[in-house]
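Residues per chain, in single letters:
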Amino acid sequence: KKKKITFDELNNYTHYSLYKAIDAARDPEVVPANLLLAPGINQPIITDKLISTAESRRDVLAILDLEHDYTQSAESTANQSSRLGSVTSAISSIKSRNLNSSFACAFYPAVQITDNLNVGSPRVWIPSSVAALGAFASSQARQTCGLPPLGLIVADWAVLEAVEDQELSKQDKD
């Protein structure tokens with residue numbers, strides 16, 4: 001059973017604003033959508049709200065970012081290797097939440113991409129939910145009528161660059 005959110009937990013303006021934004025999308029007649037995500041937001045109080053909204057609508061998939069993933073430099077003064085996150089901590093955290101939903105998914109880790117808009121710019125990190133959204137959109141754009149079978153998503157992961165610093169073992173992927 002989901003924990004009831006208290007006013008004290010929403011007394012944070014960021015949480016309150018995100019809660020209101022997600023609430024605005026709860027009616028499928030008002031906000032038609034296929035996917036529901038809040039890139040870079042990984043606090044359970046918000047990701048649980050994404051899941052419950054997707055479950056109540058029953059027509060969207062919530063894409064979540066996990067706790068203990070890469071932390072942006074704007075959010076931490078630690079060096080980059082300290083901000084990469086931890087596979088073990090991410091797995092432990094998601095398992096402890098006992099999530100069970102057909103209307104939510106999560107990807108790990110964050111993805112490093114080349115900034116093609118600013119020539120000479122270094123690589124930048126994006127939340128895994130953004131990479132997933134890009135893969136879903138690319139797949140959708142390439143689909144032809146009837147192929148692949150309805151409901152099957154074929155992601156083109158070739159557009160995403162591998163992150164050398166974090167490799168997942170087969171056990172981590174399971």
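A brief report on the enclosed structure follows.

Analysis parameters
- Residues numbered from 1 in each chain as written.
- Predicted model: local features only at pLDDT ≥ 70, side-chain atom pairs only at ≥ 80, totals over all residues.
- Heavy atoms only, no water.
- Core = buried A, V, L, I, M, F, W, Y, C linked by side-chain atoms within 4.5 Å.
- Buried < 20%, exposed > 50% of the residue type's maximum accessible area, 1.4 Å probe, protein only.
- Helix = DSSP H or I, 4+ residues; strand = E, 2+ residues; numbered from the N terminus.
- Contact = heavy atoms within 4.5 Å.
- Expected span 1.5 Å × (residues − 1).
- Arc of directions from axis to C-beta.
- Polar contact = N/O pair within 3.5 Å; in protein donor to acceptor, adjacent residues only side chain to side chain.
- Salt bridge = Lys/Arg side-chain N within 4 Å of Asp/Glu carboxyl O.
- Pairing = 2+ DSSP bridges.
- Right-handed = clockwise from strand over helix to strand, strands pointing away.

**Regarding the nonpolar core**
No. 1: Counting residues in each nonpolar core, the largest one holds 15 residues, and the members touching the most others are L36, I46, L50, A54, A62 and L64.
No. 2: Those elements that place two or more of their residues in this core are α1 (13–24), α2 (44–57) and β2 (61–64).
No. 3: For this core, the element with the highest residue contribution is α2, accounting for five residues.
No. 4: Leave out the neighbours within four places in its chain, and L50 touches I22, L36, L37, A38, A62 and L64.

**Topic: α1**
No. 1: Its twelve residues place the ends of α1 16 Å apart at the C-alpha level, agreeing with the 16 Å of an ideal helix rising 1.5 Å per residue.
No. 2: Turning to α1, its buried residues number three or more, namely H15, L18, Y19, I22 and D23. Axial view of α1: buried residues confined to an arc of 140°, hence all on one face.
No. 3: For α1, the side-chain oxygen to backbone nitrogen distance between the N-cap and T14 is 2.7 Å, and the N-cap itself is N12.

**Focus on the pattern of salt bridges**
No. 1: A complete count under the given rule lists four salt bridges for this structure.
No. 2: A salt bridge links D23 to K49; the shortest N-O distance between them is 2.7 Å. Placement of the pair is D23 in helix α1 and K49 in helix α2, with a sequence separation of 26 residues.
No. 3: R97 is the partner of D48 in a salt bridge, and the nearest nitrogen-oxygen pair spans 2.5 Å. Of this pair, D48 sits in helix α2 while R97 is found in the loop between α3 (87–96) and β3 (104–106), placing the two residues 49 residues apart along the sequence.
No. 4: For R97, a relative accessible area of 19% translates into the label buried.

**Re α2**
For an α-helix, 3.6 residues make a turn, and residues three or four places apart therefore share a direction.
No. 1: If you check α2, its first and last C-alpha atoms are 19 Å apart, about what 14 residues at 1.5 Å a residue would give, namely 20 Å.
No. 2: Those residues of α2 not exposed but buried are I45, I46, T47, K49, L50, I51, T53, A54 and R57.
No. 3: Structurally, α2 contributes buried residues whose contacts are with α1, β1 (35–37), β2 and β3.
No. 4: Directly beyond the C-terminal end of α2, a positive phi value near 65° is found at R58.

**Some details on unusual backbone geometry**
No. 1: For the bond from Y108 to P109, the omega torsion is 0°, close enough to zero to count as cis.
No. 2: For P109, the location among the structural elements is in the loop between β3 and β4 (111–114).
No. 3: A positive phi angle is found at R58, which is not glycine, with a value near 65°.
No. 4: For R58, the position within the fold is in the loop between α2 and β2.
No. 5: Of note in the backbone geometry, H68 takes a positive phi value of approximately 70° without being a glycine.
No. 6: Tracing the sequence through the fold places H68 in the loop between β2 and α3.

**Considering the pairing of β2**
No. 1: The side-chain alternation of β2 yields two buried faces, one formed by L61 and I63 and the other by A62 and L64.
No. 2: For β1 and β2, the ladder comprises three bridges, and the chain directions are parallel. Within β2, the residue paired with L36 across the bridge is A62.
No. 3: Read from β1 through α2 to β2, the crossover connection turns out right-handed.
No. 4: Here three bridges tie β2 to β3, and the two strands are oriented parallel to one another. The partner of I63 across the bridge, within β3, is C105.
No. 5: Chirality of the crossover, the property in question, places the unit of β2, α3 and β3 among those that are right-handed.

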